[in-house]
Amino acid sequence: MFDFGRSFPVSFPLGTNSQVELPLALHDNADRINNDTGSGEQAMDQMSKLVQELPGSLTAEIQSTGITSAFLDTCVHVFFDKFNPSFPVLHKATFTARDCSYPLLLNIIALGSLFVGAKDAVTKGEALWRLAHIAVATNWRKLMQARGLKDSCDGVQLVLTALLGQTYAMLSSNEGLRMTSQVFHGLGFYWARQSGMYNSQTSSPVPTLESTPEEKSECWRFWIAEEVKKRAILGHYILDGHISQISGYAACARHMTNPLLMPARDDEFSAATPDQWITAMQHPQATKASFRDLFLLLFSSSMPLLHKDMSGFSLRVLLEGLQSLASDALEAYHIAVGIPSRLEIAHALLKLYEEKLSKGGGTAENTELLIRWHSICLNLATPATKLCRDICSHYSIDQYLHEGKCHDKTHRSFNLLDWAQGVDGHRALLHALAIHDLVETLPLGRSHAIHLPAAIFDAGTILAGRCLAGLHQISYPTGIFWSNVWAFEGLGISNPIEGSLEVPGIKEFLEGSYTSGISASGTRNLMYDLNALQLILKSVSSKWGVSHEMDRILQQWISVSSESS
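> Outline the overall build of the protein chain, listing residues and values.
Helix and strand counts for the protein chain stand at 23 helices and four strands. Within the span of the protein chain, comprising 565 residues, buried residues form 57% of the whole. Contacts in the protein chain between residues far apart in sequence, at least 24 positions, make up 77% of those at least 6 positions apart. If you sum the accessible surface of the protein chain, you get close to 22500 Å²; carbon and sulfur atoms cover 54% of it.

Structure below.
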């Protein structure tokens, strides 16, 4: 079990006459803790004292949830068992609650509550998230000074707190929390820079297996702390791409200038003991490149990526960097100084696919990465956020996923049939079908990745758009090479991608003139696929509350399409 109850008081002003006593670093008051007291009971004691200082409305909300020490223990355990493997920013084996700021611990518990499965777990988790949010919003300067025992600089605890808190809010069923994630998400980068987290990229010497246990443990824990610091910042780059796509607005950070070096390989970071870590580190170590250099390689027509041991976490950072460029291109209507063209972004995505993702095998992690890759390509072809707004506006359907209400009369002229029969409509359809097929292969235990709800909904948006346009079935060429799908930037304009193989029927399919006799083909019933996606979304909704709103919108689209067919 996890040791919660170490704390010391720091004042958190909530108003002119109100102060909240919150702990910064949980290890500093260790001498005052009764070691015979269980960790959950210690956490409850600290929380009870804190709640007494809160405004009445929040006090009543927290006290009414009936939070117990067993619930807190369970949530932390489930966080590391279910959530952290899909977004590995913390290290399970070296994590201790006493070396963790209190708001960070609250956000860990809040995220863990989503996977507990108890009827009231989500309500309890949201109450704890609100408590952590108040702490960060009212006293982030003090929190910036909190350090873990092995942290090399200030800010790590705060940046991690912001990362997990914004992740929770982004995927919440509560519209207000989702808006909060968009409003606050740029602060993580600011706090990291203010704290000097970008400046200190230190390395730890790796001892030998024959070194003393104390030396091995000390070096390992210092190395883990540096790795967690790096992943805390990189996690914000990943989150920035997701929030940008969901909101439909440009990204907050300049991903292309990211100076951080690649994080460690998966086997190095997941090592559970010093000896496992030393063994993993004895493998040949490639020179670590910065993400700035990796993006230069992605946009180079002659230089390969090379780095064979690139971790899944590194690939996620690269994917979200390309997503940020796609958002910039959309906001600039594809033409602006310093922004690559849509075709250049597609070339970079294809290079990442050909050199890394297509060679990753059928592992669950690689399947998750492929789903995200297809989602970014889909949105590059047809921004699903805008399409959702246009469809809801056209059919007077309320939607609360994206800013902008559905009754905007300026979108009444939007023509779904023109879009569905165009090159980008067909291109987006192929990526949507690929997402459908990949999601169906994911094991139930790997349905926790933070990008899954949006990817499933975006695919559903494309399928619903075609069904609403009266196009319920589609014949398409099989054996697709994705380089062919992006070889034609516009109708009748050929822009072949270097090294791509010509697949019969792709050009005709994109132009809307495909017939099954041209090449080997398949046929899909899009209404059936749309209903299947909705069922998958329902299973995801048990963890990510935002899926409930997505499911509601899909159901209304399906109903309208069924009535008109």
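Structure shown, so let's carry the discussion forward.
> Just give me the short version of the pattern of salt bridges, but keep the residues and values in it.
Using the criterion set out here, one finds 20 salt bridges in the structure. The residue glutamate 368 makes a salt bridge to arginine 316 at a minimum N-O spacing of 3.1 Å. Residue glutamate 368 is located in helix 15 (residues 364-381), and its partner arginine 316 is located in helix 13 (residues 312-331); the two are separated by 52 residues in the primary sequence. Across the pair, exposure class does not vary: glutamate 368 and arginine 316 are buried alike. Here arginine 427 makes a salt bridge to aspartate 424, at a shortest N to O gap of 2.8 Å. Taken together, the residues arginine 427 and aspartate 424, both in helix 18 (residues 423-441) and three residues apart, mark about one turn of the helix.

> Just give me the short version of the environment of leucine 177, but keep the residues and values in it.
Its place among the elements puts leucine 177 in helix 7 (residues 175-184). Distance in space between the C-alpha atoms of leucine 177 and tryptophan 129 is 9.8 Å, their sequence separation being 48 residues. Dropping the residues within four chain positions of it, leucine 177 is found in contact with Glu126, Trp129, Arg130, Tyr168, Ala169 and Ser172.

> Summarise empty space enclosed by the protein; cite the residues concerned and give the values.
All told, the structure shown has five cavities of 30 Å³ or more when counted by the stated rule. Roughly 80 Å³ of volume is contained in the largest cavity. Among the secondary structure elements, those contributing two or more residues to the lining of the largest cavity are helix 9 (213-247), helix 19 (452-468) and helix 23 (546-564). When its residues are assigned to classes, the lining of the largest cavity shows seven nonpolar, three polar and one charged. Taken together, Ser86, Phe87, Ile238, His242, Arg316, Glu320, Arg372, Ala449, Ile450 and His451 form the lining of the second largest cavity. Of the residues assigned to the lining of the second largest cavity, the class counts are four nonpolar, three polar and three charged.

> Describe the packing of aromatic side chains, and please don't skip the residues or the numbers.
All chains considered together, the criterion is met by 17 aromatic pairs. Where tryptophan 223 meets tryptophan 277, the ring centres are 5.6 Å apart and the plane angle is 45°; that geometry is what we call tilted. On the criterion of sequence distance, the pair formed by tryptophan 223 in helix 9 and tryptophan 277 in helix 11 (residues 274-281) is long-range, its members being 54 residues apart. Considered together, tryptophan 223 and tryptophan 277 belong to a single accessibility category, that of buried residues. An aromatic cluster is defined as three or more aromatic residues linked by ring pairs; in this entry it consists of Phe79, Phe80, Phe83, Phe87, Phe95, Phe115, Phe313 and Trp544. The ring of phenylalanine 269 is capped by arginine 231, whose NZ or CZ atom sits 3.9 Å from the centre of that ring.

> Any chance you could break down unusual backbone geometry for me, citing the residues and the numbers?
Its identity as a non-glycine residue notwithstanding, serine 396 has a phi of 55°, on the positive side. Here serine 396 shows up in the loop between helix 16 (384-394) and helix 17 (416-420). When its relative accessible area of 39% is taken as the criterion, serine 396 is described as partly exposed.

> Can you break down helix 13 residue by residue, with the values?
For helix 13, built from 20 residues, the straight-helix expectation of 28 Å at 1.5 Å per residue is met to within 8% by its first-to-last C-alpha distance of 29 Å. The buried fraction of helix 13 amounts to 17 of the 20 residues, a majority that puts the element mostly inside the structure. A positive backbone phi angle near 55° is found at tyrosine 333, which sits one or two residues after helix 13.

> I'd love a proper account of the side chain of histidine 451, names of residues and values included.
For histidine 451, the position within the fold is in the loop between helix 18 and helix 19. Since its relative accessible area comes to 3%, histidine 451 is described here as buried. At 2.9 Å, the side chain of histidine 451 and the backbone oxygen of glutamate 368 are in polar contact. Ignoring anything within four residues of it in the chain, the contact list for histidine 451 reads His242, Arg316, Glu368, Ile371 and Arg372.

Cut-offs used in this document
Residues numbered from 1 in each chain as written. Predicted model: local features only at pLDDT ≥ 70, side-chain atom pairs only at ≥ 80, totals over all residues. Heavy atoms only, no water. Helix = DSSP H or I, 4+ residues; strand = E, 2+ residues; numbered from the N terminus. Buried < 20%, exposed > 50% of the residue type's maximum accessible area, 1.4 Å probe, protein only. Contact = heavy atoms within 4.5 Å. Areas by Shrake-Rupley, 256 points an atom, 1.4 Å probe, with all protein chains shown as cover. Salt bridge = Lys/Arg side-chain N within 4 Å of Asp/Glu carboxyl O. 1 Å grid on protein atoms, 1.4 Å probe; cavity = no way out; pocket = protein on both sides within 12 Å on 5 of 7 lines; lining within 4 Å. Points joined across faces, edges and corners; volume = space filled by probe spheres on them. Nonpolar A, V, L, I, M, F, W, Y, C, P; charged D, E, K, R; others polar. Phe/Tyr/Trp six-rings, centres within 6.5 Å; stacked < 30°, edge-to-face > 60°. Lys NZ or Arg CZ within 6 Å of the ring centre and 35° of its normal. Expected span 1.5 Å × (residues − 1). Polar contact = N/O pair within 3.5 Å; in protein donor to acceptor, adjacent residues only side chain to side chain.

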